[in-house]
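Understanding the architecture of this molecule
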Amino acid sequence: MTFDWTAHRFSGGALALDVANSVVLRHITEKRMDRFADPALLAEFPAAASKLSAEKPGDLAALHPDDVPLLIALREAIDLHFRTKTLGHENREALATLLEAISACLRRGRAEENLLTATARSALRLASGADQERMKICANCGWLFIDRSKNRSRTWCDMAVCGNRVKASRYYAARRAGAFQAEET
Ligand SMILES: [Zn+2]
């Protein structure tokens, strides 16, 4: 199956969340997929994020290979902190881990803004701004996203993909007593 970094994959509303969402179906162990585990996909991500991330981070230089472990540590810290906070279980330990990961990435800063530093800045803005109050978890794919709708009524990261998939699978699986299958997106 070919894979593209389409606009859908930047539904998070902030670069930090788009990076966290490089893991699909995090909550279902047997379906969980890490797009950054493929070095070719990770290499294509910064250029796609420059164009498609809601924060419009501008041109991001290629990630230095030595920086990959820091990026992954930052990604996991972003997800842990904001996911637990969104679920109502905020804990200081997760915030402290996130802030440590942010500072490690900023310290590693190279001459040009790259995915590492841009994601760190995005995470810092989120952790200290009002957008985190609008954060939600997609009911289909498990992605984190910021619901900027006026009445905060969004259930899906992307209605056109996750909303329709759940509707369709509910329709076709009507006999299976309302259970729906989470779908890869
Ligand atoms: Zn979704």
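Cut-off values and rules
- Residues numbered from 1 in each chain as written.
- Predicted model: local features only at pLDDT ≥ 70, side-chain atom pairs only at ≥ 80, totals over all residues.
- Heavy atoms only, no water.
- Helix = DSSP H or I, 4+ residues; strand = E, 2+ residues; numbered from the N terminus.
- Expected span 1.5 Å × (residues − 1).
- Buried < 20%, exposed > 50% of the residue type's maximum accessible area, 1.4 Å probe, protein only.
- Contact = heavy atoms within 4.5 Å.
- Axes fitted to C-alpha atoms, helices over the stretch in contact; angles between N-to-C directions.
- Parallel < 35°, antiparallel > 145°, perpendicular 65-115°, else oblique.
- Left-handed = near helix turned anticlockwise from the far one by under 90°.

1. Points about helix α5 (residues 115-128)
For α5, built from 14 residues, the straight-helix expectation of 20 Å at 1.5 Å per residue is met to within 8% by its first-to-last C-alpha distance of 20 Å. Burial analysis of α5 places 10 of its 14 residues in the buried class, the great majority of the element. Among the residues making up α5, those that are buried are Leu-115, Leu-116, Thr-117, Ala-118, Thr-119, Ala-120, Ser-122, Ala-123, Leu-126 and Ala-127. Where α5 is buried, its residues touch α1 (15-20), α2 (39-52), α3 (68-86), α4 (92-107), β3 (135-137) and β4 (144-146).

2. Observations concerning the packing of α3 against α4
Angle between the axes and distance between the axes are the two parameters that describe a pair of packed helices. It is the contact of α3 with α4, at a shortest axis distance of 9 Å, that shows an interaxial angle of 150°. Compared by their axis directions, α3 and α4 come out roughly antiparallel. Handedness of the α3/α4 crossing: left-handed. Two secondary-structure elements touch here, α3 through Leu-70, Ala-73, Leu-74, Ala-77, Ile-78, Leu-80, His-81, Phe-82 and Thr-84 and α4 through Ala-94, Leu-95, Thr-97, Leu-98, Ala-101, Ile-102, Ala-104 and Cys-105.

3. Focus on α3
Turn by turn, an α-helix covers 3.6 residues, leaving residues three or four places apart pointing in a common direction. With 19 residues, α3 extends 27 Å between its outermost C-alpha atoms, agreeing within 8% with the 27 Å of an ideal straight helix rising 1.5 Å per residue. Residues Leu-70, Leu-71, Leu-74, Arg-75, Ala-77, Ile-78, Asp-79, His-81, Phe-82, Arg-83 and Thr-84 constitute the buried set of α3.

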